[in-house]
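# Chain and residue survey
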Amino acid sequence: MTRKKVRMTEEGQDFLILQLSQQYSSKPMDALREYVTNAVDAISLTEEPRDGEIKISLDPKSSRIYVSDNANGLSLEELAKLPIKIGESVKRGKIDQRGEFGWGLLSFGSLGDRLHFITRQPGSSNYGYLIYEVGKGAIEYEEPITLRDRDMLDFGGPFSQGTRIILHADKDVFNQKFRSADVRSAIQEIYWPILVEEGLQFYLELIDGKVSQISQPRIRGEHILPQRTFPFEVKTRDGIVQHELRANLWLDIKTDTGKVPVYSKGVRIYRDIPELAETALSDCGLWRCKQIRGYINEPNLSVTLGRDTINKIRDSNVYNSLVEILRHIDDILWPEVEEKLAKVRKEKDSELINSTYYLLRKVYQDEDLLPIYRRRRREVVEPIEPRKIIEWGIQTPTQDKDKSKPNRDSEDADDRRRWPFDFPDWYDFDTPENHLRYKLEARVGNPTAAINSGHKDWKRVVELNPDSEEAKEYILRAQAEPLALWESQKAVEDGFVIYESPEEQIADVMRRADDIVYRAMEK
């Protein structure tokens, strides 16, 4: 049986190329990334890459985006090959080049309908000019021509060498997605290691001619791993090959949105390490911690050649070595980071519990928020055996305002409105009670609310979002429900209340707790 290659009709080819050009329609900034990355690659081939410059210019009036570099440019012959060799890339398989598929140049279709490609080689008096346009059901182009300096007035002015890409963006896309602050932030995030390690300069130019340099991101927090290189060896068919991994990490205790993107030769390929979906890293607390920020950079493209090929190399020695180093970094840093975070969480928890505790004390004094013994007061029947009735609130034998039995019908009995609880305690409950969120503890002195800081809901609600309204309500309820329970038990014990059934008492406790919580949430 004869095997043949699958082929396309011309119509099918036109349709597929058009679809490729629009692959970033939902993420237009990724389309811009293709052209900036091409500029980075072009500069890396020059004799002095550290002198390289890339300028992104935004023109709101015409909705144009310019991407210019000062690399070596292309000859007219090289330019002429671009539109007829889609999918063929001279970069494919080269570890010093980031692109490899040969269709990034078509990405302009995700932004608008036209692209100008202007290039000039060092010492040349002419420019090479190529134009792409979205036609009817296809991407169309015109044969490359030459331009002179006088022809460049409509294309951003003359330049000495390099390449300039001009993208005609849709007006709505430009206005919504390409504000100067958004472009600056995207460049910082996508090319972070290049800004730090390679010395390549990025600039942002606005329509008024103001040019500003795009610097590396400013990261708040403690620099726990300052730009450290981890070398490793990999055995291949040709012998031992030297590789390395670079890590730059911060601990920012004030954020819960931290990420550690993965970069390949300085260009982001994964927004966060968990996106690798690597099971061997699933138990590494460092890479799941939302207070860790920074990046991991594999500078040679030996691990992640292209953004879509990592799944093909998971069993390779290089990839396995990468995973081992990530686990090694976790072993080094996570114990200390975990200890610092625990200390910070304890301090935050203390602040939250402290504020809610004193809020509850204030709410307890609201005159229209009556304790259980006042809402359900009945005529007191003296017990057969005489007993001392301890009124609501904190009393000691030294309190002798009135040695006689207090008048239960008086709404102004001061002692009855005194706060009855000690400051709450929070800790991990032991196994028999670790399913409880909180409980009432009977200790020497006054009753106390104990909160289970080991409960999954505590970790989800309070630890992860301590400043949220949900966390505030959680802590309030953790104190209000034991308080309501104690009030109910004390009212029964002192003869103020008789419940017809346990269900009635439970309902009364729940109502009282809700009254306290919701009143406190209003404050």
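Residues numbered from 1 in each chain as written. Predicted model: local features only at pLDDT ≥ 70, side-chain atom pairs only at ≥ 80, totals over all residues. Heavy atoms only, no water.

### Side note on unusual backbone geometry
Residue Ser63 is not a glycine yet carries a positive backbone phi of 55°. Note on placement: Ser63 falls in the loop between strand 1 (53-59) and strand 2 (64-69). Ser63 gets classed as buried once you look at its relative accessible area, which sits at 6%. At Lys265, a position not held by glycine, the phi torsion is positive, near 50°. Mapped onto the elements, Lys265 comes out in the loop between strand 11 (262-264) and strand 12 (267-270). (Helix = DSSP H or I, 4+ residues; strand = E, 2+ residues; numbered from the N terminus. Buried < 20%, exposed > 50% of the residue type's maximum accessible area, 1.4 Å probe, protein only.)

### Side note on empty space enclosed by the protein
One pass over the full model with this rule turns up one cavity of 30 Å³ or more. The volume enclosed by the largest cavity comes to roughly 40 Å³. Looking at the largest cavity, the residues that line it are Gly258, Lys259, Val260, Asp272, Leu286, Trp287, Arg288, Cys289, Lys290 and Ile292. The element that contributes the greatest number of residues to the lining of the largest cavity is helix 7 (residues 285-288), accounting for three residues. Taken together, the residues that form the lining of the largest cavity break down as five nonpolar, one polar and four charged. (1 Å grid on protein atoms, 1.4 Å probe; cavity = no way out; pocket = protein on both sides within 12 Å on 5 of 7 lines; lining within 4 Å. Points joined across faces, edges and corners; volume = space filled by probe spheres on them. Nonpolar A, V, L, I, M, F, W, Y, C, P; charged D, E, K, R; others polar.)

### Let's talk about helix 1 (residues 10-21)
When the terminal C-alpha atoms of helix 1 are compared, their 17 Å separation across twelve residues agrees well with the 16 Å that a helix rising 1.5 Å per residue should span. Of all the positions in helix 1, only Ile17, Leu18, Leu20 and Ser21 are classed as buried. The buried residues of helix 1 occupy an angular sector of 160° when the element is viewed end-on, so they sit on one face. With respect to the buried face of helix 1, the exposed residues turned more than 90 degrees away are Glu11 and Phe15. (Expected span 1.5 Å × (residues − 1). Arc of directions from axis to C-beta.)

### With respect to the packing of aromatic side chains
Per the stated rule, a full pass over the model turns up 13 aromatic pairs. Pairing Tyr127 with Phe159 gives two aromatic rings, centres 5.1 Å apart and planes at 70°, and the pair type is edge-to-face. A residue pair is termed long-range when its members are at least 10 positions apart, and Tyr127 in strand 4 (residues 127-134) and Phe159 in the loop between strand 5 (139-147) and strand 6 (162-169) qualify at 32 residues. On the accessibility criterion, Phe159 (13% relative accessible area) is buried. An aromatic cluster is defined as three or more aromatic residues linked by ring pairs; in this entry it consists of Trp192, Trp250, Tyr263 and Tyr295. In this structure, Arg120 packs its charged tip against the face of Tyr127, placed 4.5 Å from the ring centre. (Phe/Tyr/Trp six-rings, centres within 6.5 Å; stacked < 30°, edge-to-face > 60°. Lys NZ or Arg CZ within 6 Å of the ring centre and 35° of its normal.)

### Focus on the pattern of salt bridges
One pass over the structure, following the stated rule, counts 30 salt bridges. In this structure, the salt-bridge partner of Arg437 is Asp457, at a minimum N-O distance of 2.8 Å. Of the two residues, Arg437 sits in the loop between strand 14 (425-427) and strand 15 (438-441) while Asp457 sits in helix 10 (residues 456-463), which places them 20 residues apart along the sequence. Lys490 is paired through a salt bridge with Asp494; the nearest N and O atoms lie 2.6 Å apart. What makes Lys490 buried here is its relative accessible area of 9%. Linked through salt bridges whose partners overlap, the residues forming this network are Arg437, Asp457, Arg460 and Glu470. (Salt bridge = Lys/Arg side-chain N within 4 Å of Asp/Glu carboxyl O.)

### What to know about the confidence of the model for the chain
Low-confidence regions, as indicated by low pLDDT, have predicted coordinates that should not be scrutinised in detail. Taken over all residues, the pLDDT of the chain has a mean of 84, while the share at 70 or more is 85%. Within the model, the stretch residues 91-98 combines pLDDT values under 50 with 32 contacts to residues more than four positions away or in other chains. For residues 304-308, every residue scores under 50 in pLDDT, and the model assigns this stretch 16 contacts once sequence neighbours within four places are set aside. (pLDDT = per-residue confidence, 0-100. Contact = heavy atoms within 4.5 Å.)

### Observations regarding the packing of helix 10 against helix 11 (residues 469-493)
Where helix 10 contacts helix 11, the axes come no closer than 8 Å and their chain directions differ by 135°. Accordingly, the angle class assigned to the pair helix 10 and helix 11 is oblique. Judged by residue contacts, Asp457, Trp458, Arg460, Val461 and Val462 of helix 10 engage Glu470, Ala471, Tyr474 and Ile475 from helix 11. For the contact of helix 10 with helix 11, the residue count by class is six nonpolar, no polar and three charged. (Axes fitted to C-alpha atoms, helices over the stretch in contact; angles between N-to-C directions. Parallel < 35°, antiparallel > 145°, perpendicular 65-115°, else oblique.)

### Some remarks on the sheet that holds strand 15
On the basis of which strands lie adjacent, the open sheet formed by three strands has the order 14-16-15 and mixed pairing. The open sheet terminates on both sides in strands that have one partner only, identified here as strand 14 and strand 15. Each strand axis lies, on average, 25° off the axis of its neighbour in the sheet, ignoring direction. Its contacts with the sheet put helix 11 on strand 15 and strand 16 (448-452), and the angle it makes with strand 15 is roughly 40°. (Pairing = 2+ DSSP bridges.)

### Notes on the side chain of Thr119
Mapped onto the elements, Thr119 comes out in strand 3 (residues 112-120). On the accessibility criterion, Thr119 (1% relative accessible area) is buried. Within the structure, Thr119 has its side chain in polar contact with the backbone oxygen of Gly162 (distance 3.3 Å). In this structure the side chain of Thr119 is engaged in a polar contact, spanning 3.1 Å, whose partner is the side chain of Thr163. (Polar contact = N/O pair within 3.5 Å; in protein donor to acceptor, adjacent residues only side chain to side chain.)

### Quick notes on the environment of Arg164
By the secondary structure assignment, Arg164 is in strand 6. Arg164 gets classed as buried once you look at its relative accessible area, which sits at 7%. Once the C-alpha coordinates of Arg164 and Ala39 are considered, the two residues, 125 residues apart in sequence, prove to be 9.1 Å apart. Ignoring sequence-local partners within four residues, the contact set of Arg164 consists of Tyr66, Val67, Ser68, His116, Phe117, Ile118, Met152, Phe155, Gly156, Gly157, Pro158 and Phe159. Within the structure, Arg164 has its side chain in polar contact with the backbone oxygen of Gly156 (distance 3.4 Å).

### Looking at the pairing of strand 4
Every regular strand shows the same layout, with side chains that alternate between the two sheet faces. Most of strand 4 is tucked away, with six of its eight residues classed as buried. Counted between consecutive antiparallel strands, the loop separating strand 3 from strand 4 contains six residues, among which Gly123 sits at a positive phi close to 85°. Sheet topology places strand 4 next to strand 5; seven bridges connect them, and they run antiparallel. In the sheet register, Val134 faces strand 5, and the bridge partner there is Ile139.

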